[in-house]
Amino acid sequence: MPVALALTLLSVFTLAGLVLSAVSGWTLSHALGGSTTAARHIAIAVPTVLFSLFTQSMVLFFFIGTGKLLKEAAAKRSDAAGRDYILACVRGFKMRTSALCTFAPLIALATGLLGVTAHTGKTPAWLHLVAAILCVFLHVVAFGREVVAMAGTNQLMDEAATLVPPAPDGAAR
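Values in this document were obtained by computation on a predicted structure and should not be read as measured data.

K.L.:
Whenever I open this one, the nonpolar core confuses me. Can you help?
P.N.:
The tendency in soluble globular proteins is for nonpolar side chains to be buried as a group. F63, I86 and L156 are the most contacted members of the largest nonpolar core, which totals 18 residues. Contributing elements (two or more residues each) for this core: α1 (2-30), α2 (38-75), α3 (80-119) and α4 (125-159). Setting aside chain neighbours within four positions, we find I86 in contact with L70, A74, R77, L156, A160 and L163. Judged by nonpolar contacts, the second largest core, of 8 residues, contains I107, C135, L138 and A142.

Below you can see the structure in the form of structure tokens.
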């Protein structure tokens, strides 16, 4: 549980950094009062991208590690239905989170690289803007799915030994 909480907080900090970076980039492009410089935008964006890479990697490792523990717990069960249910849950958690854990930091990195090329005039600024919007969107979606999956994983780990799988649809209980 403490690991999932720590990862949730890291994800919140990443989202806050992305929003601050987006706001500083927007004010830079609209020169509100001339107070925002490119250096300030970069000083927020670069650590945020690195934080995203770190956080999403740790979330991915969380699901790899807990998946291994749950597979071991499933192997110790004597009932096939319980084993199959736990393994299906593990697969479901991984399927809902793995792609997002991979692509969210990759789009953050791509957004940063497009920001550099937009600043030097090699690519249009709108491309950096579109990538930034996609980056924030993917991180928000990833956050929602990861928090739900981490909570489900923690609950499954607590109950793996004694869990009674739900009855198949249409079966009498």
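K.L.:
What is the right way to read the side chain of T97 from this model?
P.N.:
For T97, the location among the structural elements is in helix α3. Judged by its relative accessible area of 0%, T97 falls in the buried class. Ignoring sequence-local partners within four residues, the contact set of T97 consists of F63, R145, E146 and A149.

K.L.:
Would you explain the environment of H41 in this entry?
P.N.:
Counting through the fold element by element, H41 comes out in helix α2. On the basis of relative accessible area, H41 is assigned to the buried category, the value being 13%. Along the primary structure H41 and L20 are separated by 21 residues, whereas in three dimensions their C-alpha atoms are 8.6 Å apart. Ignoring sequence-local partners within four residues, the contact set of H41 consists of S21, S24, G25, L28 and H128. Polar side-chain contacts of H41 include one of 3.2 Å to the backbone nitrogen of G25.

K.L.:
What is the right way to look at the packing of α3 against α4 in this model?
P.N.:
The relative placement of two packed helices is expressed as an angle between their axes plus a distance between the axes. α4 packs onto α3 with a crossing angle of 155 degrees between their chain directions and a minimal axis gap of 8 Å. When the axes of α3 and α4 are compared, the pair comes out roughly antiparallel. Considering how the two elements wind past one another, α3 and α4 form a crossing that is left-handed. Its residues placed into classes, the contact of α3 with α4 shows 23 nonpolar, 7 polar and 3 charged.

K.L.:
Before we go on, may I ask you to explain the pattern of salt bridges in this structure?
P.N.:
Any two side chains of opposite charge can pair, so long as their charged atoms come close to each other. Inspection of the entire model under this criterion finds 2 salt bridges. Of the charged contacts in the structure, one is a salt bridge between E72 and K68, with a shortest N-O distance of 2.7 Å. Of this pair, E72 and K68 are both found in helix α2, 4 residues apart, which corresponds to roughly one turn of the helix. A salt bridge links R77 to D79, with the shortest nitrogen-to-oxygen separation between them at 3.0 Å. The exposure class assigned to D79 is partly exposed, which follows from its relative accessible area of 27%.

K.L.:
In this structure, what is going on with the packing of α2 against α3? I would like to understand it.
P.N.:
Where α2 contacts α3, the axes come no closer than 9 Å and their chain directions differ by 165 degrees. Put simply, α2 runs roughly antiparallel to α3. Of the two possible hands of crossing, α2 and α3 adopt the one that is left-handed. Here the residues of the contact of α2 with α3 sort into 20 nonpolar, 6 polar and 3 charged.

Rules of the game
Residues numbered from 1 in each chain as written. Predicted model: local features only at pLDDT ≥ 70, side-chain atom pairs only at ≥ 80, totals over all residues. Heavy atoms only, no water. Core = buried A, V, L, I, M, F, W, Y, C linked by side-chain atoms within 4.5 Å. Buried < 20%, exposed > 50% of the residue type's maximum accessible area, 1.4 Å probe, protein only. Helix = DSSP H or I, 4+ residues; strand = E, 2+ residues; numbered from the N terminus. Contact = heavy atoms within 4.5 Å. Polar contact = N/O pair within 3.5 Å; in protein donor to acceptor, adjacent residues only side chain to side chain. Axes fitted to C-alpha atoms, helices over the stretch in contact; angles between N-to-C directions. Parallel < 35°, antiparallel > 145°, perpendicular 65-115°, else oblique. Left-handed = near helix turned anticlockwise from the far one by under 90°. Nonpolar A, V, L, I, M, F, W, Y, C, P; charged D, E, K, R; others polar. Salt bridge = Lys/Arg side-chain N within 4 Å of Asp/Glu carboxyl O.

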